[in-house]
Amino acid sequence: MIDRAGLAEFLRRRREALQPEDVGLPRGQRRRTSGLRREEVAALCHISADYYSRLERERGPHPSEQMIGSIAQGLHLSLDERDHLFRLAGHHPPNRGTGGDYISPGMLRIFDRLTDTPAEIVTELGETLRQTALGVALTGDSTRYTGPARSIGYRWFTDPACRAMYHPDDHGLHSRVFASGLRSTVALRGPESWAAHLQRLLLKESAEFRAVWDEHEIGVRYAHTKRYIHPEVGLLEVACQSLLDPDQAHALLVYTAIPGSESYEKLQLLSVIGTQLA
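Residues numbered from 1 in each chain as written. Predicted model: local features only at pLDDT ≥ 70, side-chain atom pairs only at ≥ 80, totals over all residues. Heavy atoms only, no water.

## Some details on the sheet that holds strand β3 (residues 225-230)
For clarity, the cut-off: One requirement defines pairing of two strands: DSSP has to find at least two bridges between them. Per the convention used, a helix needs a DSSP run of H or I reaching at least four residues, while a strand needs a run of E reaching at least two, with both numbered from the N terminus. In this description, a line fitted to the C-alpha atoms serves as the axis of each element, helices being fitted only across the stretch in contact, and the angle between N-to-C directions of two axes falls anywhere from 0 to 180 degrees.
Spatially, the 5 strands line up as an open sheet ordered β2-β1-β5-β4-β3, and their pairing is antiparallel. Whereas interior strands pair on both sides, the edge strands pair on one side only; in this sheet they are β2 (128-131) and β3. Sheet twist, expressed as the average angle between the axes of neighbouring strands with direction ignored, equals 30°. Relative to strand β5 (residues 250-256), strand β4 (residues 234-245) runs antiparallel, the two being bridged by 7 bridges.

Here it is in structure tokens:
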């Protein structure tokens, strides 16, 4: 059963505890509320302001599990807080463990501050959960995919268009990295995991994957630099730094170019052009 009073109070308390800078929003000069506005929280949760307001007023329909998950993520709740929110809404909390889409508050706080650089948060299978605006401008919107195609490794072997953004000389290394990474994840998560499901799909659908998989390579990694072919600015060489969240098996990937280099200037140009060309 939903605890409407408890749910409303918990939402209000968590909203009031968040400050704009905690979620990457400007504070502004005329802010009177002690925390975030309802409209700001609704935007972070990707729901209507009216729907969210009714929850805080103990009204409205019974929120679905998907809705509660979106609210928990938008409010930057910890896993304990997320689970409490699910129970208040009359739902069983999702199973904990690695491989989920729930991003930890600490990871989100870092991500929200990366407004001037390409960055993304990905799962251990290369499923993009969040991208900065400049990240979308660099590689396109990778969060739009569903099903197996959410994984960059799956798209690499099944969708030729996926390879257009990468330098042709690096294609062989990409294939080896994706196959090697998937092999490690399958061994870690087991034969009933989503990783193993992707492996079986790729063995059926891609002759190239079967050939690379048969090499049984483990631990293949990129060099420090990745090369992209952007449709508007051409070749970019960027370094990729990663921050790992072992509890959620997520990685924050940040792409930078050497200051003063041609690639650095092209990234500056992309920040001006915006995401409409991605």
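## Digging into the environment of aspartate 3
What counts, and what does not: Working definition: with a 1.4 Å probe on protein chains only, accessible area under 20% of the residue-type maximum means buried, over 50% means exposed, and in between means partly exposed. Any pair of N or O atoms that falls within 3.5 Å is considered a polar contact. Within protein, one atom must be able to donate a hydrogen and the other to accept it, and sequence-neighbouring residues count only if both atoms are side-chain atoms.
With respect to the helices and strands, aspartate 3 occurs in the segment before α1 (4-17). What makes aspartate 3 partly exposed here is its relative accessible area of 36%. In this structure the side chain of aspartate 3 is engaged in a polar contact, spanning 2.9 Å, whose partner is the backbone nitrogen of glycine 6.

## What to know about helix α4 (residues 65-74)
The line we're drawing: Pairs of residues are marked as contacts when any of their non-hydrogen atoms sit within 4.5 Å.
Considered for burial, the residues of α4 that qualify are Ile68, Ile71, Ala72, Gln73 and Gly74. Summarising the contacts, the buried residues of α4 are in contact with α1, α2 (38-45), α3 (49-56), α5 (79-88), α6 (105-112) and β2.

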